[in-house]
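Structure assessment
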Amino acid sequence: MTPEEIKAAINKEVAEAIKPVATQVGTIAESIKGLPDLTKQVATLTEADSARTIAGKDKGADKGKTDPAAAASAATGLTKEEAKALFAEMLKERDTTAQSTAQQQAAHEAWIKKHAPKLADNPLGRRLFAGAKTDEERKAILDEYIESQKALGVKGPDLGATAAGEGGAAAGGGTTEAKKAAALEAAKSLKPVTL
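Reference entry: report on the structure contained in this document. (Residues numbered from 1 in each chain as written. Predicted model: local features only at pLDDT ≥ 70, side-chain atom pairs only at ≥ 80, totals over all residues. Heavy atoms only, no water.)

1. Description of the packing of aromatic side chains
Any two aromatic rings considered together are summarised by their centre-to-centre distance and by the angle between their planes. Where we set the bar: In this scheme Phe, Tyr and Trp rings, the latter by its six-membered ring, pair at centre separations within 6.5 Å, and the angle between planes marks the pair as stacked below 30 degrees, edge-to-face above 60, and tilted otherwise. Secondary structure elements are taken from DSSP: a helix is a run of H or I of four residues or more, a strand is a run of E of two residues or more, and numbering for both begins at the N terminus. Burial classification: accessible surface area is computed with a 1.4 Å probe over protein chains only, and a residue below 20% of its type maximum counts as buried, one above 50% as exposed, and the rest as partly exposed.
Enumeration according to the criterion identifies one aromatic pair in this entry. A centroid spacing of 6.2 Å and a plane angle of 70° characterise the contact between tryptophan 111 and phenylalanine 129, whose relative ring orientation is edge-to-face. With a gap of 18 residues between them, tryptophan 111 in helix 5 (residues 80–115) and phenylalanine 129 in the loop between helix 6 (123–128) and helix 7 (135–151) connect regions that are remote in the sequence. There is no split in this pair, since tryptophan 111 and phenylalanine 129 are both buried.

2. With respect to the pattern of salt bridges
To keep it simple, the criterion reads: When a carboxyl oxygen of Asp or Glu lies within 4 Å of a side-chain nitrogen of Lys or Arg, that pair is called a salt bridge.
In the structure shown here, the tally under the stated rule is four salt bridges. The partner of aspartate 135 in a salt bridge is arginine 138, and the shortest N-O contact between them spans 2.7 Å. Highlighted residues: aspartate 135 and arginine 138, both in helix 7, separated by three residues, approximately one helical turn. Overall, aspartate 135 belongs to the partly exposed group, its relative accessible area being 40%.

3. Section: unusual backbone geometry
Positioned with a positive phi, aspartate 121 is a non-glycine residue whose angle comes to about 55°. Following the sequence through the fold, aspartate 121 ends up in the loop between helix 5 and helix 6.

4. As for the nonpolar core
Basically, it comes down to this: Think of a nonpolar core as a cluster: buried Ala, Val, Leu, Ile, Met, Phe, Trp, Tyr and Cys residues, connected wherever their side-chain atoms sit within 4.5 Å. Contacts are residue-level and defined by heavy atoms, with any inter-residue pair within 4.5 Å sufficient.
One finds Trp111, Ile112, Ala116, Leu119, Ala120, Phe129, Ala132, Ile141 and Leu142 forming the largest nonpolar core, which totals nine residues. Leaving out residues up to four positions away in the same chain, isoleucine 141 has contacts with Leu128, Phe129 and Ala132.

Structural measurements only, silent on function.
Following this line, the structure appears as structure tokens:
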């Protein structure tokens, strides 16, 4: 092969390799032809906006930007008065709910202190009575707890076995005569001890 033939072969190979790239560049060039027109339009809009701002015709737009309440009411369609009334109503509803919840919690804790004082204000009591909303539910939970303790062999104090346990006084236990009689009765059961 002569050097001219080698050059021609190389040029042909390069031309074939560049052909897809050249096609893509041509397509891009076709789509960019409108770019100078677009650049002119952007420049014209920018100049018009600058002229309007300098002339002071854009003051209303600035007020809308700086007043967040007006922007919010414009977005929601509410006037300031309507928005304030709605907000006050939402606050009132929140406070009413909080007050109701506090009353329910106080009633819950009062019931536990009255009917199960040993379970009040401790982690076990909080776990046991956590889901209870009514007195019936609390009573059922307490009964179930007592039954489970009995099943485990835990014996609670017998509060009603004596008059003192019922809130009354023990029969004759407070007088000196009763104490002497109890001492004599106890002495009768003693056996004499010889040393």
